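# Structure assessment
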Amino acid sequence: MARATTPPPPTLVLFVRHGQTPTTGKVLPGRAAGLHLADKGLQQAERVAERIASLQTDQRKVAAVYASPLERT
């Protein structure tokens, strides 16, 4: 007879887009080198970091963060 096992907790995956840049809404940046976040984009990034940190508990930890190599990430 097989033993009942507790399944592992579900994996939470968050997809976060780039924050605003000085050219947001004017130009599609593509892979533009040297394009950094605008002040608004920096605020957005800070809020995302706070949100991700708030998801952590003793039972659930952030296992990984993956980001593109672009400056605006």
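Now for a description of the structure that goes with this document. (Residues numbered from 1 in each chain as written. Predicted model: local features only at pLDDT ≥ 70, side-chain atom pairs only at ≥ 80, totals over all residues. Heavy atoms only, no water.)

### Topic: the overall build of the protein chain
Across its full length, the protein chain holds 1 helix and 0 strands. Overall size of the protein chain, expressed as C-alpha extent along the three principal axes, is 65 × 20 × 20 Å. Going through the 73 residues of the protein chain one by one, you find that 12% of them count as buried. Once local pairs closer than 6 in sequence are excluded, the contacts in the protein chain between residues at least 24 apart make up 57%. For the protein chain, the distance from the average site of its 10 positive side-chain charges to the average site of its 5 negative ones is 11 Å. (Helix = DSSP H or I, 4+ residues; strand = E, 2+ residues; numbered from the N terminus. Buried < 20%, exposed > 50% of the residue type's maximum accessible area, 1.4 Å probe, protein only. Contact = heavy atoms within 4.5 Å. Lys, Arg positive; Asp, Glu negative; His and termini not counted. Charge placed at Lys NZ, Arg CZ, Asp CG, Glu CD.)

### A few points about the side chain of T21
Position of T21 among the secondary structure elements: in the segment before helix 1 (39-54). According to the relative accessible area criterion, T21 is buried, its value standing at 7%. Contact partners of T21, with chain neighbours within four places excluded, come to L35, H36, L37, A38 and R72.

### Overview of the environment of T11
Residue placement: T11 occurs in the segment before helix 1. Taking relative accessible area as the criterion, T11 reaches 70% and is therefore assigned exposed. In this structure, the C-alpha to C-alpha distance between T11 and T73, residues 62 residues apart in sequence, is 23 Å.

### What about the side chain of R72?
Note on placement: R72 falls in the segment after helix 1. As a buried residue without a salt bridge, R72 has its nearest oppositely charged side chain in E71, at a separation of 6.4 Å. A distance of 3.0 Å separates a polar side-chain atom of R72 from the backbone oxygen of G30. Each residue touching R72, except ones within four places of it in the same chain, is listed here: H18, G19, T21, P29, G30, A32, L35, H36 and L37. (Salt bridge = Lys/Arg side-chain N within 4 Å of Asp/Glu carboxyl O. Polar contact = N/O pair within 3.5 Å; in protein donor to acceptor, adjacent residues only side chain to side chain.)

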